[in-house]
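Given next are the chains, with one letter for each unit.
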Amino acid sequence: MDKLIIGSHVSYKTDEGLIGSVKEAISYGETTFMFYTGAPQNTNRSPIDKDKTKKAIELMKENNIDLKNVVVHAPYIINPANYNNRDFCISFLKQEIKRVEEFGVTKLVLHPGSHVGAGIEEGIKNIISVLNETLDASTNVDVCLETMAGKGSELGTSFEQLKQIIDGVKYNDKLKVCLDTCHISDAGYDLNDFDQVLNEFDNIIGLQKLACIHVNDSKNIKGSHKDRHENIGLGTIGFSNLLNVIYNEKLVNIPKILETPYVTDIDTNKRAYPPFKFEINMIKEKKMNYDLVEDVRNYYN
Ligand code: FE
Ligand code: FE
Ligand code: ZN
């Protein structure tokens, strides 16, 4: 059997460099991982420690993590769909692509952004324009546009919109897609029939463009446009539908990344404990654990 390429969002701390992220991924039993090169909600970034990156890559090799499956997520505050952010967005993205290349990572996930009142067509035009200014023949990273839930004025909520963006970009061989299960369900796609969803993706965008999958359950029903992730098997998508995505034979070589919510501490009610070790175990065993939340609390407490 092919090795399952599965991991989660892990932290990246400047003082530990990539080593800390790799150690965290290993502690959850992962074969890949995703990280932000700084805080997800801001664009402050520190220089990358080459020596630590080298050591991290050695540690990955020893633990069967292939660098080509590792993913960086661009900060979600940059908004390529908003014309007012255009110059900042382009300069930040160019720097971020350089940083990603320094790590040797080849996948950068990007939210297409929100049109914030300008309208869908105008927003898409802005995204295309930002990507045309950002990508060139020397770009060594696949920028993976993420499928979005449609919260507020988010774009990239349908395969057609993503296709329109891809078609408008000159160096679109550098553009790929990251499919987020929570987002597509919230956007209206029916994960009870994932084969049909995948066929639609193939017909509109082409399966060869799919480069990353975010595996999340959803707190809300199909078409809700809410974007609130739920732990694996505890949401409206459900365990068996998520297993159908994870073990789909057409997606064997694509990294699958969990972005499920941390479990809250029972006393403080704050999000405190990472669920990934237990969720990944469930996925590997193909067996739902309904005590997931309790088990996570007991393990870390
Ligand atoms: Fe995302
Ligand atoms: Fe996501
Ligand atoms: Zn989300």
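The written sequence of each chain sets the order in which its residues are numbered from 1. Note on labels: chains are lettered from A, ligands numbered from 1, in written order. Two thresholds apply to this predicted model, a pLDDT of at least 70 for residue-level local features and 80 or more for giving and counting side-chain atom pairs, whereas whole-chain, interface and lining totals are computed over all residues. Water and hydrogen atoms were dropped before computing side-chain values, which therefore reflect all heavy atoms in the structure.

### Some details on the overall build of the protein chain
The helix and strand labels rest on DSSP assignments: H or I over at least four residues marks a helix, E over at least two residues marks a strand, and numbering proceeds from the N terminus. When helices and strands are counted, the protein chain shows 10 helices and 12 strands. For 301 residues, the compact-globule estimate of 2.2 N^0.38 gives 19 Å, and the C-alpha radius of gyration of the protein chain, at 18 Å, lies within 12% of that figure. Remark: exposure states derive from per-residue accessible area (1.4 Å probe, protein chains only) relative to the maximum for the residue type, with buried under 20%, exposed over 50%, and partly exposed in between. Within the protein chain, buried positions represent 56% of all 301 residues. Accessible areas in this description were obtained via Shrake-Rupley with a 1.4 Å probe; residue shielding takes into account the shown protein chains only. Carbon and sulfur atoms make up 46% of the accessible area of the protein chain, which amounts to about 13,400 Å² in all. Charged residues are defined here as Lys and Arg on the positive side and Asp and Glu on the negative side; His and the ends of the chain fall outside this count. In this description, the location of a charge corresponds to atom NZ of lysine, CZ of arginine, CG of aspartate or CD of glutamate. Charged side chains of the protein chain number 35 positive and 43 negative; the gap between the two group centres comes to 4 Å. Our radius of gyration is a C-alpha quantity, and the globule rule it is checked against amounts to 2.2 Å times the number of residues to the power 0.38.

### A closer look at the coordination of the zinc ion (ligand 3)
Coordinating N, O and S atoms are those within 2.8 Å of the metal (3.2 Å for Na, K and Ca), and as water is not part of the atoms, a site may appear to have fewer donors than expected. Protein-derived coordination of the zinc ion (ligand 3) comes from H183 (NE2), D227 (OD) and H229 (NE2), at a distance range of 2.0 to 2.3 Å. The sequence motif formed by the donor residues of the zinc ion (ligand 3) is H-x43-D-x1-H. In this structure the iron ion (ligand 1) is found 5.3 Å away from the zinc ion (ligand 3). You can call H229 buried: its relative accessible area is 17%.

### Observations regarding the coordination of the iron ion (ligand 1)
Here the iron ion (ligand 1) is held by the protein donor atoms H73 (NE2), H111 (NE2) and E146 (OE), which lie 2.1 to 2.3 Å from it. Expressed as a motif, the donor residue spacing for the iron ion (ligand 1) is H-x37-H-x34-E. A separation of 3.3 Å is found between the iron ion (ligand 1) and the iron ion (ligand 2), which share E146 as a coordinating residue. Taken as a pair, H73 in strand β3 (residues 71-73) and H111 in the loop between β4 (107-110) and α4 (120-134) lie far apart in primary sequence, 38 residues in all. Residue H73 shares its accessibility class with H111, and that shared class is buried.

### Observations regarding the packing of aromatic side chains
Aromatic rings from Phe, Tyr and Trp, with only the six-membered ring used for Trp, were paired whenever their centres fell within 6.5 Å, and each pair was classed as stacked if the ring planes differed by under 30 degrees, edge-to-face if by over 60, and tilted otherwise. Evaluation of the coordinates by the stated rule reveals 13 aromatic pairs. Both rings, one in F88 and one in F92, keep their centres 6.2 Å apart while their planes meet at 25 degrees; by these two values the pair is stacked. On the criterion of helical spacing, the pair formed by F88 and F92 is a turn pair, its members being four residues apart in helix α3 (residues 86-103). Look at F88 and you get partly exposed, because its relative accessible area is 43%. Look at Y262 and F276: their rings are 6.0 Å apart centre to centre, the planes differ by 75 degrees, and that puts the pair in the edge-to-face class. A residue pair is termed long-range when its members are at least 10 positions apart, and Y262 in the loop between β10 (256-258) and β11 (263-264) and F276 in helix α9 (residues 276-285) qualify at 14 residues. Given the relative accessible area of 1%, F276 is considered buried. Only lysine NZ and arginine CZ atoms are considered, and such an atom sits over a ring when it is within 6 Å of the ring centre and within 35 degrees of the ring normal. The ring centre of Y247 lies 4.2 Å from the NZ or CZ of K286, which sits over that ring.

### Comments concerning the sheet that holds β3
A pair of strands is considered paired only if DSSP assigns at least 2 bridges between the two. Within the closed barrel, the eight strands sit side by side as β1-β2-β3-β4-β5-β6-β7-β10. Their pairing is parallel. Put simply, the sheet's adjacent strands are angled 30 degrees from each other on average, direction ignored. Here, axes are lines fitted to C-alpha atoms. For helices the fit covers the stretch in contact, and angles between N-to-C directions go from 0 to 180 degrees.

### So, α4
Residues that lie three or four places apart on an α-helix share one face, since the helix turns once every 3.6 residues. Helices are assigned an expected span. That span is 1.5 Å times one less than the residue count. Relative to the 21 Å expected for 15 residues at 1.5 Å per residue, α4 spans 21 Å between its end C-alpha atoms, a close match to the ideal helical length. Every buried residue of α4 is listed here: G123, I124, N126, I127, I128, V130, L131 and T134. Buried residues along α4 sit against α3, β4, β5 (142-146), α5 (159-168) and β6 (175-180). It only takes one pair of heavy atoms within 4.5 Å for two residues to be counted as in contact.

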